[in-house]
Amino acid sequence: MMNKSNTFMPPLQNGIGASVVFAPKSLKYKTIFEFFSTQFSHISTQEWQRRFDDGLVFNQEGEKLNTTQMYQGEQHLYYYRHLPYEAEIPFEHKILFENEHFIVVDKPHFLTVSPTGQYVQQTLLTRLKRMTNNAALTPIHRLDRETAGLILISKQMTTRGIYQQLFAQQQIQKTYHAIAASRPELNFPLCFSACMQKGEPFYTMKIIEGISNSTTDIAILEQQGRWAKYELKPVTGKQHQLRVHMNALGIALKNDRFYPVVQHIGQDDFSAPLQLLAKYLDFIDPITGQNFSFCSSFDLLLPRE
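Definitions and limits used
Residues numbered from 1 in each chain as written. Predicted model: local features only at pLDDT ≥ 70, side-chain atom pairs only at ≥ 80, totals over all residues. Heavy atoms only, no water. Core = buried A, V, L, I, M, F, W, Y, C linked by side-chain atoms within 4.5 Å. Buried < 20%, exposed > 50% of the residue type's maximum accessible area, 1.4 Å probe, protein only. Helix = DSSP H or I, 4+ residues; strand = E, 2+ residues; numbered from the N terminus. Contact = heavy atoms within 4.5 Å. Phe/Tyr/Trp six-rings, centres within 6.5 Å; stacked < 30°, edge-to-face > 60°. Pairing = 2+ DSSP bridges. Polar contact = N/O pair within 3.5 Å; in protein donor to acceptor, adjacent residues only side chain to side chain. Disulfide = S-S within 2.5 Å. Axes fitted to C-alpha atoms, helices over the stretch in contact; angles between N-to-C directions.

### Thoughts on the nonpolar core
Ile 153, Ile 218, Tyr 230, Leu 232, Met 246, Ile 251 and Leu 276 are the most contacted members of the largest nonpolar core, which has 35 residues in total. Elements supplying a minimum of two residues to this core: β5 (102-107), α3 (124-132), β7 (148-154), β8 (172-181), β9 (190-198), β12 (227-234), α5 (241-248) and β13 (276-284). Contacts of Leu 276, omitting those with residues within four sequence positions, involve His 109, Thr 147, Ala 148, Tyr 176, His 177, Ala 178, Leu 232, Leu 242, Arg 243, Leu 253 and Leu 300. Counting residues in each nonpolar core, the second largest holds 16 residues, with Phe 33, Phe 35, Phe 36 and Trp 48 among its members.

Shown next, in the form of C-alpha cells:
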C-alpha cells in the first residue's frame, strides 16, 4: 500500500470511502491521536481510540497509524468512521442502463441517494459503490429519499461536468407521475410558477412574494373518484419543487409528510410511500449525440377509494 508519490487512495470499505484531513505544521500536538481528538472534539476520545485500534486511520503513504505515533504535520491523513445502526431499507434498486460514462438507476421509495445524516450504508450510492467498487460514482442530479424513479449516476470525474451541464442548461427532460386529490375546478393542463426559498424547518421549502424562480408544467393523466394521476414536468430544479407547487394548488401529494404539515415517522415505517415517481428521463448525449429515453419500471396506481 506504499505510494512514493503520496497519491494513496484508501479503498472502499463496504461501499464507504475514507475521509481526509490535512495535518498542518504544528508544535502543539505530541501524537497524531492527540491531533484527531483535538481537531474533531465533537467525537469522543474513546471513539478515536476505537478507530486507531481497528486500523481505520492511515497516513498518506497508506500506513495504518496507532495512538502512540508522534505527530508529523504537512501531510494528508485518512480515516474511516464507525457506522451507527441504520434501519434496513427493504427495497431494491434496478440498473436500467450503463455505459462508460454513466449509470441510469431506478431508485425505490425510502432509499436516500447519498450518505448523509443517519443514512450511510442504507443509501443508493453506497450500494452502487459496494457493487461496482467504483469510488468515483456521483449522482448528477437530486432525487429525494421519498421519491422513487430514475436517477443518473456519473461513473468518472473526467466527463461528469459535461452531464451536469445538461441539467444546468435545462437540456434534459424529466417527467414525473404523482397521485394527489382531484380538483375539477382547476383547468389542466397548466403551468405553475412561483418564487421559492428555504422554509422552517430548514429541510422544507416555501413560496414567497417575489420574482418566480421555479416553474412546473402540470397535466392530468387519469382520474378516479376523488384521486387523480398527474404528469409533472419541472422546467426548473428547485428542492421539493413539485411537492411545493402541488401543495400551493391545494392538491398536496398523497402521503407527503412535509407538505402542508411536517409529520415525523419512524425510520422503519415504510407503510405509506410518497406518491411521486421520476418516470421518464430524456436527453441527447452530449458526447455521442445519441438520443436517450428512459422509463422507470415502477408505477403509481390510483387508490381504489
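### Considering the packing of aromatic side chains
Per the stated rule, a full pass over the model turns up 29 aromatic pairs. With 5.3 Å between their ring centres and 65° between their planes, Phe 102 and Tyr 163 make a pair best called edge-to-face. Linking Phe 102 in strand β5 with Tyr 163 in helix α4 (residues 157-168), this pair joins segments that are 61 residues apart in sequence. Residue classification places Tyr 163 among the buried positions, given a relative accessible area of 1%. Ring geometry for Phe 292 versus Phe 294: centroids 5.4 Å apart, planes at 15°, classification stacked.

### Here's the deal with the pairing of β9
Looking down a regular strand, the side chains alternate between one sheet face and the other. Bridging between β9 and strand β11 (residues 214-224) involves five bridges; their strand directions are antiparallel. When the sheet's bridge partners are listed, Ser 193 is paired in β11 with Thr 215. Two elements, β9 and strand β10 (residues 205-208), share four bridges in a ladder whose sense is antiparallel. When the sheet's bridge partners are listed, Lys 198 is paired in β10 with Met 205. In this antiparallel pair of consecutive strands, β9 and β10, the connection spans six residues.

### Comments concerning the environment of Tyr 259
Following the sequence through the fold, Tyr 259 ends up in the loop between α5 and β13. Along the backbone, Tyr 259 and Thr 204 are 55 residues apart, and their C-alpha atoms lie at a distance of 8.5 Å. Not counting the four nearest positions on each side in its chain, Tyr 259 is found in contact with Thr 204, Met 205, His 240, Arg 243, Val 244, Asn 247 and Ala 252. Only 2.7 Å separates the side chain of Tyr 259 from the side chain of His 240, close enough to count as a polar contact.

### Let's talk about the state of the cysteines
All told, the structure shown has zero disulfides when counted by the stated rule. The thiol of Cys 191 is not disulfide-bonded; the next cysteine sulfur, from Cys 195, is found 15 Å away.

### Remarks on the side chain of Ser 182
Take Ser 182: it is sitting in the loop between β8 and β9. Residue classification places Ser 182 among the buried residues on the basis of a relative accessible area of 15%. One polar contact links Ser 182 to Gln 223, side chain to side chain, over a distance of 2.6 Å. Not counting residues within four places of it along the chain, the set of residues in contact with Ser 182 comprises Gln 223, Gly 225, Arg 226, Trp 227, Ala 228 and Tyr 230.

### Looking at the sheet that holds strand β2 (residues 57-59)
The three strands lie next to each other as β1-β3-β2, forming an open sheet whose pairing is antiparallel. Taken across any chain shown, the strands that pair with only one partner, and hence form the sheet edges, are β1 (19-23) and β2. The average angle at which neighbouring strand axes cross in this sheet is 25°, direction not considered. In the packing of helix α1 (residues 32-39) onto the sheet, the strands contacted are β1, β2 and β3 (75-79), and the crossing angle to β3 comes to about 75°.

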